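Here's the letter readout for the chains.
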Amino acid sequence: VKKGDKIVFSYIGYKNTVVDYVAQKSLNVSLEEDANQLKEVVIQVGYGTVKKKDATGAVTVLTTKDFNKGPVTSADQMIQGKVAGLQIINGGGSPGEGATIRIRSGSSLSANNDPLYVIDGVPVAAGGVEGSRNPLSTINQNNIESISVLKDASATAIYGSRASNGVIIITTKKGKKGDLQINYNSNLQVSEITKKVDALSSAQFRDFITANGTVAQQKLVGAANTDWQNEIYRTAVGTDHNIALSGGTDNVVYRASVGYANLNGILKKDNMERTTLGANVTGNFLDNHLKIELNNNTSIINSNYSNRDAIGAAIRFDPTQAIRNVDGTYFQWYTADGKLNQLAGVNPVSMIDQISKTGTAYRSIGNIQTEYKMHFLPELKAVANFGYDQLSGKYNEVTAADFRNALDGSGFNNTSVKDQSRFNKLMDLFLNFNKKVESIDTQFDVTGGYSYQDFRELYSS
């Protein structure tokens, strides 16, 4: 360096320090910690928190400023493409559709490869219930404060073998001290198909039959011009509304929210309607030695699962035929003896209109957690956490009696009903000792305790 130069000292997690060089023989520089980077508290293991500078495992933390913006309806959509090593593959284009989530890819051929989800301190069982597309969509995305992704063994070991595929920790928003605040947000979303499959038009189909078909086949060609893809798709409009109230005093803070979403899919009749309730109360007592926190998130989801088989049928079905016959019944292909022609496909519109698939799902997840710092030894705290996760759902599928016009006497009129309920109870009791001994420049952080969790499931169909 030359006299008059400016020397910049930088290090990860510290603020830059600039020193003017005036030909000194030596420089003594002390860097100041960057509070924004080093004081961020993340959930490292199931029974404690750690500052980011002390985290040794592979942990990625995303907060509201990092989440994907736009018309998202679940936690997985908020972090898609945001975390290295986290694969999120959408299960389809329906509103609230589930996804395949993998951390470091799958490791088992036959067992579940999903990560373990922990919602506000409650580890939940994998999967949802009948009548629900995506268990993560039961948590209102507007209520999520942060999502932590634990990837390696050191970060996940506290949860045991069930965390062998990684852990995703979801923390909801809490109240803040101050006057009552009311926040409202909403969005309007419009969806449409951007590119259809390049199938033959009715004119191209007629030309092909004329050039290559037999006389008998040419007589079967209709006079209509039907684009079956246009008939099953639509421009879908959806709305999502959320209102939250928060505030509190020095000792007690609270937050409550109500959300309502009504989202249509681009396949006709496809729909998800969701109502959510969220509540949190946090109190600090006994000169901040006792902390009590209550959390609850409840949701009710009604879904209309449009028949996806219509998508493939719309590409294959004869474009020269009308949707309905003269008598108002749906056009279908039959053989000469009046039987359904199994090779000719099924009218795509009839598959949507005459096969009803609906579902209703309910979920309530909550906990009460107490932390007590011993008056005689503040470095030692006792924690008790009692939580639950209750899910129930029903799926109904009804095929109309006149589906395919039932000319062969098959008499469809099928009804399928599936009921499922799941109940998860949790109790955590543990002690934590955390103290830094300045004389030996060593931090002691010791945890010991007992955890009990019980899973019950009922299923009928």
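Residues numbered from 1 in each chain as written. Predicted model: local features only at pLDDT ≥ 70, side-chain atom pairs only at ≥ 80, totals over all residues. Heavy atoms only, no water.

Turning our attention to the overall build of the protein. Counting secondary structure elements, the protein contains 8 helices and 20 strands. Taking 2.2 N^0.38 as the reference for a compact globule, 461 residues should give roughly 23 Å; the C-alpha atoms of the protein span a radius of gyration of 30 Å, well beyond that estimate. Each principal axis of the C-alpha atoms in the protein carries an extent, and together these give about 100 × 65 × 50 Å. The buried share of the protein, taken over its 461 residues, is 39%. Here the contacts in the protein between residues at least 6 apart in sequence split such that 65% fall between residues at least 24 apart. Accessible area for the protein stands at about 25000 Å²; split by element, carbon and sulfur atoms hold 53% of it. Taken together, the 47 basic and 45 acidic charged side chains of the protein have centroids lying 3 Å from each other. (Helix = DSSP H or I, 4+ residues; strand = E, 2+ residues; numbered from the N terminus. Rg over C-alpha atoms; globule rule 2.2 N^0.38 Å. Buried < 20%, exposed > 50% of the residue type's maximum accessible area, 1.4 Å probe, protein only. Contact = heavy atoms within 4.5 Å. Areas by Shrake-Rupley, 256 points an atom, 1.4 Å probe, with all protein chains shown as cover. Lys, Arg positive; Asp, Glu negative; His and termini not counted. Charge placed at Lys NZ, Arg CZ, Asp CG, Glu CD.)

Another aspect to go through is the pairing of strand β20 (residues 442-460). Looking at chain direction, strand β19 (residues 415-437) and β20 are connected through 19 bridges and run antiparallel. Each residue of the ladder has a partner; that of lysine 436, found in β20, is glutamine 443. Linkage of β19 to β20, two consecutive antiparallel strands, is achieved through a turn of 4 residues, within which aspartate 441 is found at a positive phi near 50°. (Pairing = 2+ DSSP bridges.)

What follows concerns the sheet that holds strand β11 (residues 167-172). Note: strands within a sheet are paired through backbone hydrogen bonds, in either parallel or antiparallel orientation. Ordered by their spatial adjacency, 5 strands build an open sheet running β5-β10-β11-β8-β9, and the pairing between neighbours is mixed. Looking at which strands have only one partner, the edges of the open sheet turn out to be β5 (59-63) and β9 (122-124). Strand-to-strand, the axes of this sheet are offset by a mean angle of 20°, without reference to chain direction. Where strand β10 (residues 144-150) meets β11, 6 bridges bridge the pair, whose relative direction is antiparallel. Residue pairing in the sheet places valine 149 in a bridge with isoleucine 168 of β11. (Axes fitted to C-alpha atoms, helices over the stretch in contact; angles between N-to-C directions.)

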